[in-house]
Structure formats: C-alpha cells, structure tokens
Amino acid sequence: MNTQEMTAKIANGQGFIAALDQSGGSTPKALRGYGVEDNEWSGDDEMFAQIHTMRSRVITTPCFSSGKVIGAILFEKTMDGEVDGKSTADALKARGIVPFIKVDQGLADEENGAQMMKPLDKLPALLEKSVGYGMFGTKMRSVIKSANAQGIANVVAQQFEVGNQIADAGLMPMLEPEFDITSDSREEGEETLLAEIMKGLDALPEGRKVMLKLSIPVKPGHYAPAIEHPNVLRVVALSGGYSTDDACDHLAKNPGMIASFSRGLLQDLRKGQSNGEFDGALGKAIDQIQAASVAG
C-alpha cells in the first residue's frame, strides 16, 4: 500500500486499529497476561524479545488479516523487528493493515489536573526512521484527570504543536488527549476538551489532516463535531480500562468512532494456546470490536 491507499483505508475502512504498542513499564504486565512470567526473561532485551514474539504471533494469525483490522500501532522496538522475514511495517501492509508508531516518551508529573507528555527529544530521529520504514502515522498520549480548564488547554496545545511537527515530517499524527474514565468530573471536562480540540482543528493549515484518539465519551455522540471536521481523517476510541464488553457497548453508541483497543483485543490470548485456540480467541475479539466500530 502506498500513502494514498493507506489514507483511504484509514478514512473509509470498516474496521478498527489494533494497539500493539505497550512499552517500558507496561510490558511486564502485558507479558504476564499472556502467560509469560517474570522469571522467563532477564533484562530489557529479553523482555522485548518476548513481547515481539507475542506480537508476531498476533500479526501472523489468519484472523488478523481478515480485513477487520485496518491499522496497528507499534512500539519502536516492534517497528525495528521483523515478522515473517520482513520489517514489521511491511508485514502489516502485506496483510492490508496500516502501520502507526508510538512516538511519545511517557508522561510528565501531574499539573493542573493533567499529565502532559515528557519532552520528545528523540522525536526528530524517530520520525526520520519511521518514514524510512514506510510507516503511515504516529500516536502520542497525554492524560487528563479532571475538568481543569488550564490543564486541558495545555494538553491539547502540546498535542497539536507536536502533531504539526509530525505532519511536517510526512506522517499522519494521531493526537491522544486521553480523559481518565475514573474522573468524577469527566462529563464537564469533556465539554472543555471538545472546545479546545475544535480550536486546534480550526487553526490547522488548510488541507492538513490529523487523527484523534479519545476516551469513549460520557455523552454518546459528544465528539460528532470533531468527527465531521474537514481536518480530521478519523476519530478512534481507546478502551481506557473498560472491559471488552463494556468498551464495545459504549463505543457502539458513538457513530463515526472506531476502536483502537489494546487490552480489549489481547486479553484472552495465552502463550500456551494451540494455534487454533489462539486464532479462535483473537478472532472472537476482532469480530466483537469490529462490530462495535461499525455500529450506527
């Protein structure tokens, strides 16, 4: 797939984006869920080798290339690796799946009820490498924890600032100002978040498109104005700690949003499953998430 084909796939595809980008501190937990205990690896290199083996198994499982997964978000080390003797990006594209790369370097300490991204000092080199691999887009995460107007404005401003830098490098930025679903003030805060996002979208250069990855809102349809904005290629939803069933139930009430789930996709996969059992468990999750993504 070339860039034009990948853009069309993301804009119009009747499916969802798989989040395969656990990194650093979240990797051991992901491995334990898969059935790889801490004593089965030693040091970062062995840990990332284990998670790459798991991700390779996911990518090469028949149901993953059923057409229901239209994109996949990778961690840098996964992008650097190979699947079936090809770069991971090329292996995905051969299956009709558009590759994205996680580019943030973690979260800063909470301030004004939000966690902005740490300085992205490695971003220019990572963008150059990602373009070389033929990646389509990027993803970067901030977290909002309360309806603090200043904190929300700061998070959104940083997301758009870095997003423009990414777009200038020739990649599609996926902005992710996650709103913590456990926040007592989420409904109020999501009103502020939408207003800030719309200001950021209106300020983009003519013809520039971005993607948004957002928590499934308290009020169904809340993000419709962003979904319909001419500068938005697609709006995707994170599961944010919901179970797969709950995330899919909430998502189905938001036409125009598609899933970009991690735990909800992978939670029933185990290292000890036969290939048939693995394909069955993954296929069931893919079917459920895709159905919620195209509902309405």
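See above for the structure.
The structure reproduced in this document is the subject of the present report.

Criteria and cut-off values
- Residues numbered from 1 in each chain as written.
- Predicted model: local features only at pLDDT ≥ 70, side-chain atom pairs only at ≥ 80, totals over all residues.
- Heavy atoms only, no water.
- Core = buried A, V, L, I, M, F, W, Y, C linked by side-chain atoms within 4.5 Å.
- Buried < 20%, exposed > 50% of the residue type's maximum accessible area, 1.4 Å probe, protein only.
- Helix = DSSP H or I, 4+ residues; strand = E, 2+ residues; numbered from the N terminus.
- Contact = heavy atoms within 4.5 Å.
- Phe/Tyr/Trp six-rings, centres within 6.5 Å; stacked < 30°, edge-to-face > 60°.
- Lys NZ or Arg CZ within 6 Å of the ring centre and 35° of its normal.
- Arc of directions from axis to C-beta.
- Expected span 1.5 Å × (residues − 1).
- Salt bridge = Lys/Arg side-chain N within 4 Å of Asp/Glu carboxyl O.

Judged by nonpolar contacts, the single largest core of 79 residues is most densely connected at Phe64, Val103, Leu201, Leu265 and Leu282. The dominant element in this core, judged by the number of residues it contributes, is helix H12 (residues 275–294), at seven residues. The residues touching leucine 201, leaving out its near neighbours within four places in the chain, are Phe160, Val210, Ala226, His229, Asn231 and Val232. Ile10, Ala19, Val98 and Val236 belong to the second-largest nonpolar core, a separate cluster that totals 15 residues.

By convention here, two paired aromatic rings are described through the distance between centres and the angle between planes. Within the structure shown, the criterion is met by three aromatic pairs. Relative to phenylalanine 278, the ring of tyrosine 34 has its centre 6.4 Å away and its plane inclined at 80°; by these criteria the two rings are edge-to-face. Of this pair, tyrosine 34 sits in helix H2 (residues 27–34) while phenylalanine 278 is found in helix H12, placing the two residues 244 residues apart along the sequence. Both residues of the pair, tyrosine 34 and phenylalanine 278, count as buried. On the numbers, 5.3 Å between centres and 35° between planes, the contact of phenylalanine 48 with phenylalanine 75 is tilted. Placement of the pair is phenylalanine 48 in helix H3 (residues 43–60) and phenylalanine 75 in the loop between strand S2 (69–74) and helix H4 (76–80), with a sequence separation of 27 residues. Directly above the aromatic system of phenylalanine 278 lies the positively charged group of arginine 57, at a separation of 4.0 Å from the ring centroid.

By the burial criterion, the buried members of helix H6 (residues 123–133) are Leu123, Leu126, Leu127 and Ser130. With its buried residues spanning 100° around the axis, H6 presents them on a single face. The exposed set on the far side of H6, more than 90 degrees from its buried face, consists of Ala125, Glu128 and Gly132. Those residues of H6 that are buried are in contact with H4, strand S5 (98–102), strand S7 (137–144) and helix H7 (149–168).

A separate point is H12. The terminal C-alpha atoms of H12 lie 28 Å apart, and with 20 residues this matches the ideal 28 Å at 1.5 Å per residue to within 8%. Of all the residues in H12, the buried ones are Phe278, Ala281, Leu282, Gly283, Ala285, Ile286, Ile289, Gln290, Ala292 and Ser293.

Another aspect to go through is the pattern of salt bridges. By the definition in use, this model includes 15 salt bridges. Where aspartate 21 meets lysine 139, a salt bridge forms, and the shortest distance between an N and an O atom there is 2.9 Å. Note that aspartate 21 is positioned in the loop between strand S1 (16–20) and H2 and lysine 139 in strand S7, a separation of 118 residues in sequence. For the pair aspartate 21 and lysine 139, one class covers both residues: buried. Two residues, arginine 208 and aspartate 168, come together in a salt bridge whose shortest N-O distance is 2.7 Å. Residue arginine 208 is found in the loop between helix H8 (186–202) and strand S9 (210–215), and its partner aspartate 168 is found in helix H7; the two are separated by 40 residues along the sequence. We classify arginine 208 as buried; its relative accessible area is 18%. Several salt bridges share partner residues, and in doing so they unite Asp21, Lys139 and Glu176 into one network.

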